[in-house]
Structures are given as structure tokens and as C-alpha cells.
Amino acid sequence: MQPLTLAIGLALLRAPVPAQTPSPTPVVFAVETNLVHVDVVVTDRQGHQVKDLGPTDFEIESDGRRVPASIATYIPLVDDGPGATPGDRGAKLKAADVRRVITFIVARPIIETLGGSNAATNMIIARRVDRMLKSFIEKEVKPRDLVAIVNADSRKPLLNQFTADPAALTMAMDLLRREWHNPDVPPVVMMPGSGAEALARYGSEVIDLTESVVTRLRDMPGRKVLFIVSNVLAVGPDSTSSPLRQEMRTLVEHANRAGITINGIGPGGTGSGFSEALDILASGTGGSVVGNTELLGENLSRIMELNQGYYLLGYDPGEALRTLPRTVNVKVKREGVKVQSRPQVYDKPVRSAEAASPDGVDPLVALLNSPLAASGINVRITPYLRWLDQSSGDFQAVIAIDPGTLDLGPDSANPSLDLTVLARIADQRGAVLKSDRVVLKSKLKDQGRHGVRLMIRAPIGKSGFYQADVAVQDQRSGRMGNATVLASLPDLSDTRKRLAASSLVLRPAAQPQALP
């Protein structure tokens, strides 16, 4: 097959494109629009969630007034329902299937002083964080979760593709491990008399990054849980009017409006103490902080226990007090339980995460960048990576489109396509290596019984992770579909690693030279 800019043209697949597994009917909760709503978590003395409470079990104090709870519905977030199957190449979760969206921001800069740097300590912390994330991926990630890992100390921090695929998350974790000391990123220099200001500047950069993550998460479905992993995040001068503290207050408000809970993890180990900045962010959004310990995995599991479900409470604030935000304090009329909730609630608009597209942004581009699946067209991607020689390689992504989900025109005897396809290949830092948009207006061969296949191809020059994305729109019906796949090209110079293959291609023995 001879690759074109994007397409091989129309070709027959050897097997039909598998249809997506039907999504279960989403849980629907009746919500009265005249009520103020607040989400709370209730646990017993062992830290396990209490799930059998009703409206009369709660006491709510809103802006200093005691008000009864009109509704109290427990919403479970962890179940055995189907998610995106890793075997389905490029499959994504639909918005209705997402239960939790979990993001890690890891900030562990190299700090230099007149006495040296913290590089050796940072390496220990990197290993500790690596073990924590490995345990998280193995034990905590569920099929209906979307997870992303962000390295705050990369020159171009990449919000990795949200996924529940353990293999893709392991790749993201491996990239984080390899970049624990990135020589391209300048260190935080602390000189005598200016150390606090240097840390405050770094803290401001991390807060700016967190704001961008909050913006990305704002319209995502499910319970949104954000972890900031850092032992050097400082709040600057001890003044409530300092610029960094003002930035943190703004971040807390934006997180609460978006329904995001921020949690802090201090990976410094015993004796390192807690970060006041992490405590401010967590307490302001109903989250938790753990630190001063080397048992990061166990403490992360404890926080994840708090995010296995929550109560949605609703109360009537009274006719004269309907403005938001409002301060809220929630208690439970039962001995031995603990309540965790946001201290303030805001009125936030409800938008469809699948359909939402930023103003002025091409809907196909927005879909290409979305971690959620569009439900209209079934799309799959199969990656092929290979070394051509010791210094250059090749990434081919074969895109399969199910014609059964397309409008093939009014003439059933002569079906035809009217598609727009946008495809992209990027490296592990998000640099786009190849991007193409094509319009397909063609007759469908063999009545499309076996599908439509296209290909995007890009040369690559080094080992690492690569990602292929595709978004498709049927111009007749308006239906859309998308897919993403992440693959790794191994480092052949590293003799410690075993041979790896992204895919296997089988050909008849008479044509051994016909590999792609």
C-alpha cells in the first residue's frame, strides 16, 4: 500500500470494524432547580464511606442559618460497569459512562543555592512518586475513570490524554520518571535574602498551570479530583494580601465553581512537614492533604477511598437569601462519623461535555482534542511503529471507520461517502509531527461491507511515546466520531530492555518483503 498525505484511499478491511459496546443507561437524579446543592463525603472511624443516610440525618448551616436538607442522594462512583476496552484501538469513554476524572500535577523542581542543589534529594522523591503512581495505576484506576498525569517541571507541561488504559498511564508515568531532572528547564535559584521570593515565583507558575487544568476540567463529566504532588509549593510572605495568596484564592473559587476537589500530597518524607499552600487549596475545595510520610501509596489509597462516592444534598436557602456563593457547614446526626465538604458553594452552569465546543473553535478540532468519545461514528486506530535504521523510524496509524454508522446517501445501490477527516500524530511532548484534513466524497467500494480504511504516516527520529488522534464528521448526517491511540518506540541502544513490538503484521510466505 502506498501512503498518501493522509489516505491510502478506500480499501477493504480483512475483518469488519467491531461495533462499540452499547453504553448502559446513565443514572439520572431528579434535581430541583430552586435548591442550593452541595456535595459531601461521610466516613466512619475506619475511613470507610457511610452510604445509608437520608435528608433528616444531615444538619446544614448556610451563611449562619440552620436549614433542613430537602434531598440527600448517595451517588456511587466505583462500579463494575464497562469502560473503554484497551483492546478497542483508540476507544474512548462516552460522557455518560465517566464516573471520575483524576488529574495529577507533579511539581518537584531542582533548587540551587550557594551550598549546592537538591538534585540528590529530588531523585529520591522521584522514585517515591514513581512507586505511588505505579500502585495507583495497579490498584485504584477503574474502567470508568479518566486519568491524566502532568509534569509541572517540563518546559511544555503536557496534559496527557485522559485515559483509563493502564498501558497508556504506565507510558505517561515512565515519561515523568525519565524527566525528573530535565536539563532544558532552568532550576529555581535561591540566593541569600531572596529565597522566599524565588519559591513564590515558582509557586505562581504552578498555580497558573493548575488554573489551565481547572479550565480543561470545567466541562468534564463525573467527579473531578485533582492532586498536586509537591513538597516545595510555598505561599510567599506571611500576608493575606500577597499576590500568590490572591492567586490561590482565585484558584479555589474557580475549582469550586467547576466542581473540582483539590488534594495535596507532600512526597518529601518524614520530617519534611506539610505545605501550607497545599493545605489552603485542599481545605478550600473539600479535599485532603497528606505529607510528612514515606507511605505515599497508602495515603493516596485513603484519599481515593473518599472518592468512591458522595452525597448530593439540596436545601432551600430561603426567599431572601438566594444569592451565591454562600458559606456552608454540614454535620451528621450520628456518632463516630466524619463529614468532608466544600466551605463554599457556587451556582455553576450545566453544559454537555460531549457537545460543548469553545466559541470560535472548529468543532472537529475540539473533538480531536477531546478525551471523550463522540457517539455518532465508530472509529478505531491501529498503530505501527518501526525503526528503519539506527537513527530514524516510522509511525503509521491505520484508521478504520465503520460504514454502518455513516449516511451513505439516498441511493442504496450506489453508496457514497461525504466525510471530513482530521488526523494528527504528536510526540510525547505534544509537538505535532503530522496533521492532515481531508474531505472524502467517493463511491464506497463493495457496498462498504468491510469498512473504510485510511492512514496517516510520520517519520520519527528517536525512541519514546507517540500519539495518533483522529476526528471524523459525516457531512450528510452531522454525526461525528473520534479515537486516540498511544504507542511506544523502544530504545534499541538500551541493552537492558527486551525487544518490544507495537503491532505484528502477518503476510503470506510468498510475499515476505511486503511489510509496510
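Structural data are supplied above this passage.
A brief report on the enclosed structure follows. (Residues numbered from 1 in each chain as written. Predicted model: local features only at pLDDT ≥ 70, side-chain atom pairs only at ≥ 80, totals over all residues. Heavy atoms only, no water.)

## As for the overall build of the protein chain
Keep this limit in mind: Helix and strand definitions follow DSSP, with helices as H or I runs of at least four residues and strands as E runs of at least two, each counted in order from the N terminus. When accessible area is computed with a 1.4 Å probe and restricted to protein chains, residues below 20% of their type maximum are described as buried, those above 50% as exposed, and intermediate ones as partly exposed. Throughout, a residue-residue contact means that at least one pair of heavy atoms, one from each residue, lies within 4.5 Å. Here the accessible surface of atoms and residues is derived via Shrake-Rupley with a 1.4 Å probe, and residues count as covered only by protein chains that are part of the display.
Across its full length, the protein chain carries seven helices and 23 strands. Across the 516 residues in the protein chain, those meeting the buried criterion constitute 50%. Within the protein chain, contacts between residues at least 6 apart in sequence are counted, and of these 74% link residues at least 24 apart. When the accessible surface of the protein chain is totalled, it reaches about 24,800 Å², and 52% of it is carbon and sulfur.

## Observations concerning the sheet that holds strand S17 (residues 379-387)
Within a sheet, each strand pairs with its neighbour through backbone hydrogen bonds, oriented either parallel or antiparallel. What counts is decided by this rule: Strands pair, by our definition, only if DSSP identifies at least two bridges between them. Axes, fitted as lines to C-alpha atoms, cover a helix only where it is in contact. Angles between the N-to-C directions of the axes lie from 0 to 180 degrees.
As summarised here, the arrangement of the three strands in space is S17-S18-S21, forming an open sheet in which the pairing is antiparallel. Two strands close off the open sheet at either side, each with one partner strand: S17 and strand S21 (452-460). For this sheet, the mean inter-axis angle between neighbouring strands, taken without regard to orientation, is 15 degrees.

## Regarding the pairing of strand S23 (residues 480-489)
The buried fraction of S23 amounts to eight of the ten residues, a majority that puts the element mostly inside the structure. Inspection of the sheet shows strand S22 (residues 464-474) paired to S23 by ten bridges, in the antiparallel sense. Across the sheet, the residue bridging to Ala471 is Asn482, located in S23. The hairpin formed by S22 and S23 contains five residues between the paired strands, and Gly478 there has a positive phi angle of roughly 80 degrees.

## Details of the pattern of salt bridges
For clarity, the threshold we go by: In the sections that follow, a salt bridge refers to a side-chain nitrogen of Lys or Arg positioned within 4 Å of a carboxyl oxygen of Asp or Glu.
Summed over the entire model, instances satisfying the criterion amount to eleven salt bridges. Ionic pairing is found between Arg100 and Asp145, a salt bridge with its closest N-O pair at 2.8 Å. Here Asp145 lies in strand S8 (residues 145-151) and Arg100 lies in strand S5 (residues 100-107), a separation of 45 residues in the sequence. You can call Arg100 buried: its relative accessible area is 1%. Here Asp362 ties to Arg437 by a salt bridge, and the two come within 2.5 Å at their closest N and O atoms. Of the two residues, Asp362 sits in the loop between strand S16 (344-345) and helix H7 (363-369) while Arg437 sits in strand S20 (residues 432-440), which places them 75 residues apart along the sequence.

## Focus on empty space enclosed by the protein
Note the threshold: Buriedness for pockets is judged along seven lines, at least five of which must meet protein on both sides within 12 Å for an open set on the 1 Å grid over protein atoms alone, while cavities are sets there where a 1.4 Å probe fits but cannot get out, and lining residues have an atom within 4 Å of a point. Grid points are joined across faces, edges and corners, and a volume is the space filled by probe spheres set on the points. Residue classes follow a fixed rule: Ala, Val, Leu, Ile, Met, Phe, Trp, Tyr, Cys and Pro count as nonpolar, while Asp, Glu, Lys and Arg count as charged, and any other residue, Gly among them, counts as polar.
The tally for this structure, following the rule as stated, stands at four cavities of 30 Å³ or more. Around the second largest cavity sit Val41, Arg223, Thr261, Asn263, Gly286, Gly287, Ser288, Leu306, Asn307 and Gln340, which together line it. Residue classes in the lining of the second largest cavity are distributed as two nonpolar, seven polar and one charged.

## Things to note about helix H4 (residues 243-257)
Put simply, the test is: One less than the residue count of a helix, multiplied by 1.5 Å, gives the span that helix is expected to have. Here the arc refers to the directions that run from the helix axis out to each C-beta atom.
Between its terminal C-alpha atoms H4 stretches 21 Å, which fits the 21 Å expected from 15 residues at 1.5 Å a residue. Listed in full, the buried residues belonging to H4 are Leu244, Arg245, Met248, Leu251, Val252, Ala255 and Asn256. Angularly, the buried residues of H4 cover 130 degrees about the axis, an arc narrow enough to put them on a single face. Phi for Gly259, located one or two positions after H4, is positive at around 70 degrees.

## Overview of the sheet that holds S23
Strand order in the open sheet formed by four strands is S20-S19-S22-S23, and the pairing between neighbours is antiparallel. Where the open sheet ends on each side, the last strands, each with one partner, are S20 and S23. For this sheet, the mean inter-axis angle between neighbouring strands, taken without regard to orientation, is 10 degrees. Strands S22 and S23 of the sheet are contacted by helix H2 (residues 166-178), whose axis makes an angle of about 135 degrees with S22.

## Describing the packing of H4 against helix H5 (residues 276-285)
This is how it is decided: Here the word oblique covers every angle except those under 35 degrees (roughly parallel), over 145 (roughly antiparallel) and from 65 to 115 (roughly perpendicular). A clockwise turn of the near helix away from the far one marks a right-handed crossing, whereas an anticlockwise turn of less than a right angle marks a left-handed crossing.
Contact pair H4 / H5: the axes reach a minimum separation of 9 Å and the direction vectors enclose 30 degrees. As far as their axial angle goes, H5 and H4 are roughly parallel. The two elements H4 and H5 cross, and the hand of that crossing is right-handed. Counted together, Arg245, Met248, Leu251, Val252, Ala255 and Asn256 of H4 and Glu276, Ala277, Ile280, Leu281, Gly284 and Thr285 of H5 form the full contact between these two elements.

## Topic: unusual backbone geometry
Phi angles above zero are rare outside glycine, and Asp63 is one such case at about 50 degrees. Topologically, Asp63 is positioned in the loop between strand S2 (58-62) and strand S3 (65-67). Accessibility expressed as a relative area gives 36% for Asp63, which makes it partly exposed.

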